[in-house]
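What follows is the residue order along each chain.
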Amino acid sequence: MKFAENNRISQRQLYRQIVIAFIAPFLLCLFRGRRNQGLSGLTGTLLAVAVFLFYVIFLIRLGYAFANPCKTAGKILGRLMGIFYLVYCILGAAFLLDLLGEIVSVSLGTGVQRVWLCVIALIVCSLGTHRGIQRRGRIGEVSGGLVLVAVVLMLLLSAGQGRWEYFQEMLWNSEFSGRRILQSGYYVICAFSGLGLLPFLLEHVDRKKSTENVRIVRETRNLNVIEEGKAAREVDRAENEKAAREKKNISYRSEIRYVGSIGKTVALAVVTLGVLLILAELLLPAVFGWGRLRYENYPILPLLAGADLPGNVLARFDVLWMGFLLYSLLFSVGSFLHYGHLIVEKTGLGTGRVWIGLLVFVVMVTEVRGIRIRDYFEMYLGCIFVPGMLIIQIIFFIMGKKRWKKKAEPSNLKKRNRAGWGKNSINIARQRKAAEGLNLGNYVRRCSVVVIILGISLFTLSGCGGVEPEKRMYPLALGADIEDRKFQLTYGVPDLPKATGQEKNGEDQGNAAPSVSGDSFQEIEQLYSRTQEKYLDMGHLEILVLGQSLLDGGRWEQVLEYLKQEPTIGENVYVFRSSNAAEAVGWGSPQETSLGEYLLGLLENNPDGSPSQAVTLRELYHEMYDRGALPALPDLIIQGEELEVVF
Amino acid sequence: MSKNDSIVMISKDIRVNEKHVRERLQDCGDIQIRRMRLGEERKVDCLMVYIEVATSNMMLEDSALGKMIGHFWEISPEQIQEFVEYNSLGIADVKKLTDMEQVFTGVLSGDAVFFMDGFDQAMKISSAGYPSMGVTEVEMEKVLRGSKEGFSDSVKTNSALIRKRLRDTRLKVVEFYIGERSHTLVQMVYMEDLVREEFLEQVKERLEAFRIDGILDSGMLEQLTEDSWFSPFPQYQTTERPDRASKEILNGKVVLLCDNSPSALVLPGVFNSFMESSEDWYNRFEMASFLRALRYVALAAATLLPGLYLAVIRFHTQILPTNMILSFAQAREGVPFSSIAELVLLELSFELIREAGVRIPGALGNAMGIVGGLIVGSAAVEANLVSPIVVMVVAITALGSLAIPNEEFASAFRLLKYFFLFLGGYLGIFGIVIGVYLTVSHLAGLLSFGVPYLVPFVKYKRENGTGTGILRVPFRKRWKRPMYAKEDESVRLRRTRSAKEEEGQNESEEGSGNWEKEKLRKNEVEETHNSGSQKDPKERSKVGKNGGESE
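This report concerns the structure included in the present document. (Residues numbered from 1 in each chain as written. Chains lettered and ligands numbered in written order. Predicted model: local features only at pLDDT ≥ 70, side-chain atom pairs only at ≥ 80, totals over all residues. Heavy atoms only, no water.)

### Observations concerning the overall build of chain A
So, point 1. Along the backbone of chain A there are 28 helices and 10 strands.
So, point 2. Looking at chain A as a whole, 57% of its 647 residues qualify as buried.
So, point 3. Intrachain contacts of chain A at a sequence separation of at least 6 include 81% that bridge at least 24 residues.
So, point 4. Summed over its atoms, the accessible surface of chain A is roughly 26900 Å², and 57% of this surface lies on carbon and sulfur atoms. (Helix = DSSP H or I, 4+ residues; strand = E, 2+ residues; numbered from the N terminus. Buried < 20%, exposed > 50% of the residue type's maximum accessible area, 1.4 Å probe, protein only. Contact = heavy atoms within 4.5 Å. Areas by Shrake-Rupley, 256 points an atom, 1.4 Å probe, with all protein chains shown as cover.)

This is the structure we're talking about:
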């Protein structure tokens, strides 16, 4: 039927698919440990984008050769090529799945084991990946724009947290050399290598674009000629009309093949991604500082940890940011699986519906001598896949070109029709058959199995991550100090009924400030869980008080490292110093407000004591990684019932 | 034995006919078989077969049938023969029947059938038909502005209501009888020059693709002919409003009317069409656009809010401002259930109240809503069974689902809400993301008669001037029909010369832009038509069919 059953996607769908599939892997992986940062990183990215803009031209011309690899290069070579690409798809999916599992388990704290998270994600991504390109095209078109807008918006919002002096650090301290530029450029090229799968897709992309091309399409349609625009004009009209009369049942889709330009669309997608990369490369040092970036595995994740929306609607929206990135990651994994199926079908290696997913899972969990997919995927890309892919593409280009020339002769017109589209027509017929519901029983059975697995996973695998809000303790202030050579953490918890204004007579619980001491923070956490009934939720920490003993002893770095590992703690926490952190955190105002509430009010409600004079946790991290020292902290001085802040 | 072999033709001998009729209608107490002798000398044997209630007034003087019988009393038998053969009784709605199957179909449709001795044909004379409610006010799709008429149970009345709005000979009504035992009349209504042939063929194919004992409502028809029967999402748009159906016909869609059902099926049905209300096109575009956008927000709230609430309070409390999460925590103090159980229980309670409200007649139903919502809700909070926040979440979710104009579409999201609720409750934001991905993936695979369900959010090319989308464009900018209509009939709004002259020199640039646009479009249409005319219509239709998204 019209609009849907022709297994073709529009150029807009292609564009959005590329953007949504690459956006999260790029933002998450390309900035690890300052790999692609600084002036060299910027130049390298620009270089890589420029290279790819030219490479796209070559890539587009490979469409014919990759439409039927076994016909282009013979069965053996075609299948070998298929296996080469298939390995890439499997490794790529496994790598992204592993990445997804890590982000979810570490940053979102679902309480579910990482491997099970990956299983759930793999099942979700696998659904429908063998059901034609149109479905993926539509997912991409519907969600691609939203994800792109959301990512750009979030990046722009984070720009408000940037500082010029931090940015300058990058300008002065980053290494700018040819070697670094080439390294960085090749790194980005490797990241873009997923575009190497594009030739498999090209035959399914509609190429009507310019007015001229539309005219060609019409002309071609009337003549029933399968030919590229220019070639169509070269063919003798009368002969073609004769051929057309003989073959009236040629379908529309075959007629418009190879007309128009997909190159522009792909180039636009590359440029969009390049702009986003450059934007992120400029933002990250401006927000975190150059020194800190060296130690960040995924610097894009805490980018919004210190930002809030105007109007205090949401305290933080970094979780939403992660949501968009996760969606993009799911789409990327799904794309790898989809291309895996496509390659398997094109090279006649079976269906791959089950075993591709299984292989992805096996690769993801396999660990040999401590080496996992995340450790060798980068090397595989740089040393094996990218060079190998280029060689294969050149071979196929030459072989496909020869074939193309042979087929372009008018005498072979009839033969060409059959050769180019026979296999694909069968695939389309198969998809139609599936769509018509001839095998619906199986489909429903499979869906039921998936739903049951998901259901069981949900009910049995979820751990302690989900804790009811009333069973959590929300310290607004945290005091860190040294006592008897041990770390001492004091949690300043507000009186819940009072803080919410819902207190009734006799319900006054009073502020609490439990202290826990231990040699390490792990020990403190264990001790806390043994002695306190409520789950410690540090997500609302607003004030950090560092005790004098801690500062004098020089062990404050360990405290900061500990806080950094806790993803729920925002980086906009205000930091103070005090002679006795436990005493300061346990302080209650005459109005019985806790220290956290009191200091927040002091900083944010008083126009004279503006927060710009205060020091945030992010600044502390910056100084720690940059200079290994602390900035001057405001001092908390307690005199009787009075508390004074000395900036 | 083929069907043709079993057909019994009407005999000239009225006794043979009567015997056959009586055999077939044995024990059918509601059907009257009345013998009479007409003509001057009472020599002409006649037989009248009809359903008692459906044709109760046939003998009345003022009915056509009554007048005819009165006339037959006064003329000779020869004249009666002649009268029947050439004059068709002189009554407008009379059809000659040749076989007994037609006779029984006619009788069971509520018409009277008249046999005459010596004449091998019977007359089907339309009568009052089965009792029905007549045209009533729309219940489900109420509007502030616009017609109050709604479809009734009678399919003929319904097609007449559409015809009343579209008085054009190009409006075609094709009839099908579906159901081996129910013989339900289904009408396919479309505008001949707007609808695509391949689409029409497919609708016919699907209607004829199954055999069933009975079709009692358009809902059964819908489920038997849709693409993905396992999907909770309706793939046909349903409407009880003749104006809405007429509007969709003008968009190039097909409307299916089913006898005994006040709900018309509009096909294809796509995501955005379920979010439109009839009055969107009667109100000013600013307000209509705002309301449409609001409905999308309502849709998101109806589906995601409970899941998001659980994800936030159980996993990601840092999202909320400190005071808010402290309030939530305080409100939940003493509640014996987990937040998931609490929310599920309250949601189910709401579903119960809703279901009870629907079953209970008018005024009582409203009272039930108030009792359920206010008293049960506040009692549950007082008893510390649920927290007030959850009552608010359920209330906003319910409001969201009620704001969706199409009830069936809203129901799909009501179901989906539970799916998100569990995902959010057990996996947090990750679960919500997974749910959204699965939902989008499912919707992306859905087709309604070959049209992607997510149209207009997925489309082959920009549809300037069609007005499809979240925002309702002004009428002046909505000069094209959506893609369902034939391309050479895509222009819906033209400026007449006189209107242009009236505006004279003061015509805005915007307006002239439209005019130019239209001229350009006309040229393009002509060009397409010329290029297309080189083929015969069958071949063109084939091209369209295979053209798919690239059309």
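### Digging into the overall build of chain B
So, point 1. When helices and strands are counted, chain B shows 20 helices and 14 strands.
So, point 2. Taken over 551 residues, chain B has a buried fraction of 54%.
So, point 3. Relative to all contacts within chain B whose residues are 6 or more apart in sequence, the contacts with residues 24 or more apart total 65%.
So, point 4. Counting every atom, chain B has about 25500 Å² of accessible surface; 55% of that belongs to carbon and sulfur.

### What to know about the sheet that holds strand β11 (residues 254–258) of chain B
Strand pairing in a sheet is mediated by backbone hydrogen bonds. Such pairs are either parallel or antiparallel.
Residues and elements named next belong to chain B.
So, point 1. Overall, antiparallel pairing links the five strands, which are arranged β8-β9-β11-β12-β10 in an open sheet. Strands with a single pairing partner mark the edges of an open sheet, and in this sheet they are β8 (171–178) and β10 (237–239). Recorded for the sheet is a direction-independent mean angle of 25° between the axes of neighbouring strands.
So, point 2. Inspection of the sheet shows β11 paired to strand β12 (residues 264–267) by three bridges, in the antiparallel sense. Each residue of the ladder has a partner; that of Leu256, found in β12, is Leu265.
So, point 3. Sitting on the sheet, helix α8 (residues 218–225) touches β8, β9 (184–191), β10, β11 and β12, and the angle it makes with β12 is about 30°. (Pairing = 2+ DSSP bridges. Axes fitted to C-alpha atoms, helices over the stretch in contact; angles between N-to-C directions.)

### Observations concerning the packing of aromatic side chains
So, point 1. On inspection of all chains with the given rule, the structure shows 44 aromatic pairs over all chains.
So, point 2. Relative to Phe449(B), the ring of Tyr236(B) has its centre 5.5 Å away and its plane inclined at 25°; by these criteria the two rings are stacked. Separated by 213 residues along the polypeptide, Tyr236(B) in the loop between α8 and β10 and Phe449(B) in the loop between β13 (447–448) and β14 (451–452) bring together distant segments of the chain. Each member of the pair Tyr236(B) and Phe449(B) is classed as buried.
So, point 3. An aromatic cluster is present here, built from Phe66(A), Phe84(A), Tyr85(A), Tyr88(A), Phe95(A), Phe200(A), Phe336(A), Phe377(A), Tyr380(A), Phe385(A) and Phe396(A) joined pairwise through their rings.
So, point 4. Against the face of Phe449(B) rests Arg206(B), its NZ or CZ located 4.1 Å from the ring centre.
So, point 5. Of note, Lys253(B) hangs over the ring of Tyr484(B), and the distance from its end group to the ring centre comes to 4.7 Å. (Phe/Tyr/Trp six-rings, centres within 6.5 Å; stacked < 30°, edge-to-face > 60°. Lys NZ or Arg CZ within 6 Å of the ring centre and 35° of its normal.)

### Remarks on helix α18 (residues 355–365) of chain A
In an α-helix, one turn spans 3.6 residues, which is why side chains three or four residues apart end up on the same side.
So, point 1. Looking at α18(A), one finds that the buried residues are Ile356(A), Gly357(A), Val360(A), Val363(A) and Met364(A). Looking straight down α18(A), one finds its buried side chains confined to an arc of 130°; they lie on one side. (Arc of directions from axis to C-beta.)

### Re empty space enclosed by the protein
Residue and element names in this part refer to chain B.
So, point 1. Summed over the entire model, instances satisfying the criterion amount to eight cavities of 30 Å³ or more.
So, point 2. In this structure, the second largest cavity occupies an estimated 150 Å³ of space.
So, point 3. Forming the boundary of the second largest cavity are 17 residues, of which Asn251, Glu276, Thr468, Pro482 and Tyr484 lie nearest the centre.
So, point 4. When residues of the lining of the second largest cavity are traced back to their parent elements, those giving at least two are α9 (242–250) and α10 (271–274).
So, point 5. Grouping the amino acids of the lining of the second largest cavity by side-chain chemistry returns six nonpolar, six polar and five charged. (1 Å grid on protein atoms, 1.4 Å probe; cavity = no way out; pocket = protein on both sides within 12 Å on 5 of 7 lines; lining within 4 Å. Points joined across faces, edges and corners; volume = space filled by probe spheres on them. Nonpolar A, V, L, I, M, F, W, Y, C, P; charged D, E, K, R; others polar.)

### Topic: helix α6 (residues 155–165) of chain B
Residues and elements named next belong to chain B.
So, point 1. Residues of α6 that are buried include every one of Val155, Asn158, Ser159, Leu161 and Ile162, and no others. All buried residues of α6 fall inside an arc of 150° around its axis, so they share one side.
So, point 2. For α6, the elements touching its buried residues are β7 (149–150), β8, β9, α9 and β11.

### What to know about the nonpolar core
So, point 1. Grouped together as the largest cluster of nonpolar side chains are 189 residues, with contacts concentrated most on Ile23(A), Leu28(A), Tyr85(A), Val266(A), Ile300(A), Phe409(B) and Phe430(B).
So, point 2. Element by element, the count of residues in this core is highest for helix α5 (residues 75–108) of chain A, at 18 residues.
So, point 3. Beyond its immediate sequence surroundings of up to four residues, Val266(A) is in contact with Leu14(A), Ile18(A), Val56(A), Ile60(A), Leu195(A) and Leu198(A).
So, point 4. Core analysis: the next-biggest nonpolar cluster, separate from the first, contains 34 residues, Ala480(A), Tyr491(A), Val516(A) and Trp556(A) among them. (Core = buried A, V, L, I, M, F, W, Y, C linked by side-chain atoms within 4.5 Å.)

### Quick look at the environment of Val19(A)
So, point 1. Take Val19(A): it is sitting in helix α1 (residues 11–29).
So, point 2. Apart from the residues lying within four places of it in its own chain, the contact partners of Val19(A) are Leu148(A), Ala269(A), Thr272(A) and Leu273(A).

### Some thoughts on the environment of Leu161(B)
Residue and element names in this part refer to chain B.
So, point 1. As for its position among the elements, Leu161 is in helix α6.
So, point 2. Separated by 26 residues in sequence, Leu161 and Val135 have C-alpha atoms that sit 8.9 Å apart.
So, point 3. Ignoring anything within four residues of it in the chain, the contact list for Leu161 reads Val135, Glu149, Gly150, Phe151 and Pro242.

### A short note on the pattern of salt bridges
So, point 1. Taken as a whole and judged by the stated rule, the model has 48 salt bridges over all chains.
So, point 2. Between Lys346(A) and Glu203(A) there is a salt bridge, with its nearest N and O atoms 2.1 Å apart. Taken together, the residues Lys346(A) in helix α17 (residues 318–346) and Glu203(A) in the loop between α10 (198–201) and α11 (211–223) connect sequence positions 143 residues apart. Here the two residues Lys346(A) and Glu203(A) agree in accessibility, since each one is buried.
So, point 3. Each of Arg244(B), Lys247(B), Glu248(B), Lys253(B), Glu276(B), Asp280(B), Arg292(B) and Arg295(B) takes part in one network of salt bridges that share partners. (Salt bridge = Lys/Arg side-chain N within 4 Å of Asp/Glu carboxyl O.)

### Describing a nonpolar patch on the surface
Residues and elements named next belong to chain A.
So, point 1. A cluster of nonpolar side chains, Ile76, Leu77, Leu80, Ile83, Val87, Ile391 and Ile395, forms an exposed patch at the surface whose accessible area comes to about 620 Å².
So, point 2. Where the nonpolar patch is concerned, the elements lending two or more residues are α5 and α19 (373–407).
So, point 3. The element best represented in the nonpolar patch is α5, accounting for five residues.
So, point 4. When you line up the elements, Ile391 lands in helix α19. (Patch = residues over 30% accessible without salt bridge, like charges linked within 9 Å, V, L, I, M, F, W, Y side chains within 5 Å.)

### Points about the environment of Ile80(B)
Residues and elements named next belong to chain B.
So, point 1. By secondary structure assignment, the location of Ile80 is in helix α4 (residues 77–87).
So, point 2. On a C-alpha basis, the gap between Ile80 and Pro232 in space is 60 Å, while along the polypeptide they are 152 residues apart.
So, point 3. Those residues in contact with Ile80 that lie beyond four places of it in its chain are Leu38, Gly39, Val44, Phe72, Ile75 and Met116.

### A few points about the sheet that holds strand β4 (residues 112–116) of chain B
Residues and elements named next belong to chain B.
So, point 1. Spatially, β1-β2-β4-β5-β3 is the arrangement adopted by the five strands of the open sheet, whose pairing is antiparallel. Unpaired on one side and paired on the other, β1 (31–38) and β3 (94–97) mark the two borders of the sheet. Ignoring which end each strand starts from, the neighbouring axes of this sheet average 25° apart.
So, point 2. On top of the sheet, helix α2 (residues 14–24) reaches β1, β2 (44–51) and β4; it is set at about 20° to β2, its chief contact.
So, point 3. Contacting β1, β2, β3, β4 and β5 (122–125), helix α5 (residues 100–108) crosses the sheet at an angle of about 140° to β4.

### Some words on the pairing of β9(B)
All names here are of chain B.
So, point 1. The element β9 is largely enclosed, with a buried count of eight among its eight residues.
So, point 2. Burial of the side chains of β9 extends over both faces: Thr184, Val186, Met188 and Tyr190 are buried on one face and Leu185, Gln187, Val189 and Met191 on the other.
So, point 3. Across eight bridges, β8 lies against β9 in antiparallel orientation. The residue of β9 that forms the bridge with Phe176 is Val186.
So, point 4. Pairing of β9 with β11 involves four bridges; the strand directions are antiparallel.

None of the figures reported here should be taken as evidence of function without further support.
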